[in-house]
2 protein chains.
Amino acid sequence: MAGHCPAAPFAGPVVLDQLTILAPGLLGASVAMAARQSGSARRIVVWARRPEVRVQLESLPWCDAVCPTPEEAARGAALVVICAPVENIPTLAAQIRPHLSASAIVTDVGSVKGELCRRIQSDYPAGGPVFIGSHPMAGSEKTGHEAGSATLFKGRACFVTPFDETPPATVETLVRFWHALGCEITTMHPDRHDEIVAHVSHLPHLAAACLCSLLATKNPDWRNLAGPGLRDTTRVASGDPRLWRGILNANRDEVLRALRTYQDELQALHAALANRNDLELLAILERSKTWRDKLRPIP
Amino acid sequence: MAGHCPAAPFAGPVVLDQLTILAPGLLGASVAMAARQSGSARRIVVWARRPEVRVQLESLPWCDAVCPTPEEAARGAALVVICAPVENIPTLAAQIRPHLSASAIVTDVGSVKGELCRRIQSDYPAGGPVFIGSHPMAGSEKTGHEAGSATLFKGRACFVTPFDETPPATVETLVRFWHALGCEITTMHPDRHDEIVAHVSHLPHLAAACLCSLLATKNPDWRNLAGPGLRDTTRVASGDPRLWRGILNANRDEVLRALRTYQDELQALHAALANRNDLELLAILERSKTWRDKLRPIP
């Protein structure tokens, strides 16, 4: 194995003096648990919106301190991870900004990046704390910190989305942090992220949701007649509707574009089947199988 | 527990003197293995189209005799299960008919029933051996007898599709057979089966296939950026394209109807998102989650 470049100040594993998690649900709790397990943070501080959740968090082993406000939780943090729903992220980022040390890095785990990162960037002028978007592909139809797991990120893809002007050393630190949690990181522009995720995550969600909303108009007994195929195909449709509405609204243009090409693809298949165009029907099914067979397995 | 009705000749577990499996792939091998394990057949006879498969089958514990022709395999059978692709089932059923004993029952495991059952019925006049369609919802994207399992049918839905004129005692025997293999059986008219399965199995396949064929036009690197959601949503798209072409063609009218309503559903969602109709968007996502949350778990 190659050694670390002696001139690189951020080489080697990241050990943060303080990691702050704002609004820990499934993802935030998993970040904290994985950071604890990998020794990536000496101290983990959290803030949750609801007092009853804060009481629960106090007794958890991955939680060193629970603060009543995001500002207090952010104070002294080397890295803040905002785990709130996408529509609340910019406000939280702006709210904690004056309380951060100049060397702090702030990130999030939201499913949408372009607009969101641009909006936050305008509150984080150069020379002070830095915001860089993150998106670990490790959501679930489950929610809440109780569903968290130290191994949630193992082998999972994670986007890190700096702008051209983001200081490289801060990107490096953030990448090393996610790497220590088990992620396979890809850095790219926030807008590029949104195009890709519209196709590999938001569109599949809509495809599954529409299957279910169609079946919801049929005899409820049909539910007992399905095989495992329908279960798998529709699993993601159990996701939180309000969370997903926020994601879809925040990535509206890219999602609409992806959805339209999906509708075109379905129409092509409809036409092939209706016109008894067996060659075209087989070509679609074969192209689809070839692509799926090469999809990367997830641990 | 209730006892058996003393007047019912078919009460109690079915033990067949001879079970014949034609063209055992994943499903046929699993039928044989489950029948052996449940003691449902004293003797299991098989026929496979390819001689190299017949040689392999000879050494398997769930196989008492391997015949070089379907006619020979069918001779003496109490129950014949035809496991060939849907387009080959009617020909095989007609081919073995003259070689069956008058009390024999013939069934299949094909994913389409209406046209197929009607076509076979015309070759099985009343008073001789009886054909009744079956469809255990236990397919997989895997194929071949090597993928078979004695527990494949455990807790799985299974359609049994007699016509009004089918002798009730033969339906009873077939239902008891699938029950012994672990299935949860629903009897219904073949045409009703086709409508339901178009929605709960064939449509999900097309939804997944079109997702994959769309993604196949994008940068191959996107495959490495997907989370488990895309994997689950598209799993069925790995199914055998030729097998699926046969299924879709055999159930064309019902599949086209289901596909059209799915396209309408996607268009409604597209409109809600494009028009910033937040109430409608949330309503679709909520209807979909409510339906999915109540979907029956499969062991």
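Residues numbered from 1 in each chain as written. Chains lettered and ligands numbered in written order. Predicted model: local features only at pLDDT ≥ 70, side-chain atom pairs only at ≥ 80, totals over all residues. Heavy atoms only, no water.

**A few points about the sheet that holds strand 2 (residues 41–47) of chain A**
All names here are of chain A. In plain terms, the rule: By definition, two strands form a pair when at least two bridges between them are found by DSSP. Helix and strand definitions follow DSSP, with helices as H or I runs of at least four residues and strands as E runs of at least two, each counted in order from the N terminus. Between two residues, a contact is recorded if the distance between any of their heavy atoms is within 4.5 Å. The angle between two axes is taken between their N-to-C directions and runs from 0 to 180 degrees, where each axis is a line fitted to C-alpha atoms and a helix contributes only its stretch in contact.
Overall, parallel pairing links the six strands, which are arranged 3-2-1-4-5-6 in an open sheet. Looking at strand neighbours, the two that pair on one side only are strand 3 (65–67) and strand 6 (130–131), the edges of this open sheet. In this sheet, strand 2 lies alongside strand 1 (residues 16–22) in parallel orientation, the contact comprising six bridges. When the bridges of strand 2 are listed, Gln18 appears paired with Arg43. Contacts between helix 1 (residues 26–38) and the sheet are confined to strand 1, strand 2 and strand 4 (79–82), with strand 2 contributing the most and set at about 165° to the helix. Where helix 6 (residues 168–180) meets the sheet, its contacts fall on strand 1, strand 4, strand 5 (105–108) and strand 6, and the angle it forms with strand 5 comes to roughly 50°.

**Let's talk about the nonpolar core**
Cut-off, in case you're wondering: Nonpolar core, defined: a set of buried Ala, Val, Leu, Ile, Met, Phe, Trp, Tyr and Cys residues in which side-chain atoms within 4.5 Å join the residues together. Remark: exposure states derive from per-residue accessible area (1.4 Å probe, protein chains only) relative to the maximum for the residue type, with buried under 20%, exposed over 50%, and partly exposed in between.
Ranked by internal contacts, the top residues of the largest apolar core, which has 98 residues, are Val80(A), Ile82(A), Tyr262(A), Val80(B), Ile82(B) and Tyr262(B). For Val80(B), the contacting residues outside a window of four places in its chain are Thr20(B), Leu22(B), Ala74(B), Ile96(B), Leu100(B), Ile105(B), Val106(B) and Thr107(B). Counting residues in hydrophobic clusters, the runner-up holds 38 residues, among them Leu16(B), Leu19(B), Leu26(B) and Ala138(B).

**Considerations on the side chain of Ser40(B)**
Examined against the element boundaries, Ser40(B) turns out to sit in the loop between helix 1 (26–38) and strand 2 (41–47). In contact with Ser40(B), other than residues within four places in its own chain, are Val14(B), Val15(B), Leu16(B), Ala35(B), Phe177(B), Ala180(B) and Leu181(B).

**Structural notes on the interface of chain A and chain B**
Counted only if it meets this: Values labelled buried area give the accessible surface lost by two parts on being combined, using a 1.4 Å probe and summing over both. A pairing counts as a salt bridge when a side-chain nitrogen of Lys or Arg comes within 4 Å of a carboxyl oxygen of Asp or Glu. Whenever two N or O atoms come within 3.5 Å, that pair is a polar contact, provided that in protein one can donate a hydrogen and the other can accept it, and provided that, for residues adjacent in sequence, both atoms are side-chain atoms. Each residue receives one of three labels: charged for Asp, Glu, Lys and Arg, nonpolar for Ala, Val, Leu, Ile, Met, Phe, Trp, Tyr, Cys and Pro, and polar for the others, Gly being one of them.
Taken together, the contact pairs 85 residues of chain A with 85 residues of chain B. Taken together, both faces of the contact between chain A and chain B bury some 9,100 Å²; the carbon and sulfur share is 65%. At the junction of chain A with chain B, the criterion picks out four salt bridges. The salt bridge involving Arg245(B) is made with Asp278(A); its shortest N-O contact spans 3.9 Å. Applying the counting rule to chain A against chain B returns 32 residue pairs in polar contact (both at pLDDT 80 or more). Taken together, the elements giving at least two residues each to the side of chain A that touches chain B come down to strand 8 (157–161), helix 7 (190–215), helix 8 (228–234), helix 9 (241–250), helix 10 (252–274) and helix 11 (278–293) of chain A. Considering every element that reaches the side of chain A that touches chain B, the biggest residue donor is helix 7 of chain A, with 17 residues. Of the residues in the side of chain A that touches chain B, the class split is 44 nonpolar, 19 polar and 22 charged.

**Details of the confidence of the model for chain A**
The criterion, for reference: Residue-level confidence of the predictor is summarised by pLDDT, bounded by 0 at the bottom and 100 at the top.
Across chain A, pLDDT averages 94, with 96% of residues at or above 70. The ipTM for the predicted assembly is 0.89, set against a pTM of 0.89.

**Structural notes on the sheet that holds strand 7 (residues 133–136) of chain A**
Residues and elements named next belong to chain A. Strand order in the open sheet formed by three strands is 7-8-9, and the pairing between neighbours is mixed. On the outer flanks of this sheet lie strand 7 and strand 9 (184–187), each paired with one strand and no other. Taken over all neighbouring pairs, the strand axes of this sheet differ in orientation by 20° on average, direction set aside. In the sheet, strand 7 pairs with strand 8 via four bridges, with the strands oriented antiparallel. Within the sheet, the bridge partner assigned to Pro136 lies in strand 8 and is Cys158. Against the sheet, helix 7 contacts strand 7 and strand 8, and its axis sits at roughly 145° relative to strand 8.

**Details of the domain arrangement of chain A**
Residue and element names in this part refer to chain A. Selection rule: Reported domain spans reflect what an automatic or database domain assignment gives.
For chain A, the domain assignment lists domain 1 (16–188) and domain 2 (193–293). Relative placement of domain 1 and domain 2: their C-alpha centres are 31 Å apart. Each partner contributes to the interface: domain 1 provides 15 residues, whereas domain 2 provides 17 residues. Taking both partners together, domain 1 and domain 2 bury about 1,200 Å²; carbon and sulfur atoms supply 72% of that area. Our count for the contact surface shared by domain 1 and domain 2 stands at zero salt bridges. Counting every contact that joins domain 1 to domain 2 gives four residue pairs in polar contact (both at pLDDT 80 or more). The residue inventory of the side of domain 1 that touches domain 2, partitioned by class, reads six nonpolar, five polar and four charged.

**Here we look at the packing of helix 7 of chain A against helix 7 (residues 190–215) of chain B**
We apply this condition: We call two directions roughly parallel when the angle between them is under 35 degrees, roughly antiparallel when it is over 145, roughly perpendicular when it lies between 65 and 115, and oblique otherwise. Working rule for handedness: look at the near helix, and if it is turned counterclockwise from the far one by less than a right angle, call the crossing left-handed; if clockwise, right-handed.
Between helix 7 of chain A and helix 7 of chain B, whose axes approach to 11 Å, the crossing angle comes to 160°. What the angle tells us is that helix 7 of chain A and helix 7 of chain B run roughly antiparallel. Helix 7 of chain A and helix 7 of chain B meet at a crossing whose hand is right-handed. From helix 7 of chain A, His199(A), Val200(A), Leu203(A), Pro204(A), Ala207(A), Leu211(A), Leu214(A) and Leu215(A) reach across to helix 7 of chain B, where they touch His199(B), Val200(B), Leu203(B), Pro204(B), Ala207(B), Leu211(B), Leu214(B) and Leu215(B).

**Structural notes on the relation of the copies chain A and chain B**
Formally: The copies were overlaid by least squares, fitting only the C-alpha atoms of residues that reach a pLDDT of 70 or more in each copy.
Overlay of chain A on chain B (RMSD 0.0 Å): rotation 180°, translation along the axis 0.0 Å. Here the two chains are linked by the operation of a two-fold rotation axis. It is Thr233(A) whose C-alpha, among those of chain A, lies nearest the rotation axis, at 1.9 Å. In this assembly, 100% of the residues forming the interface of chain A have copies in chain B that are likewise at the interface, indicating an isologous arrangement.

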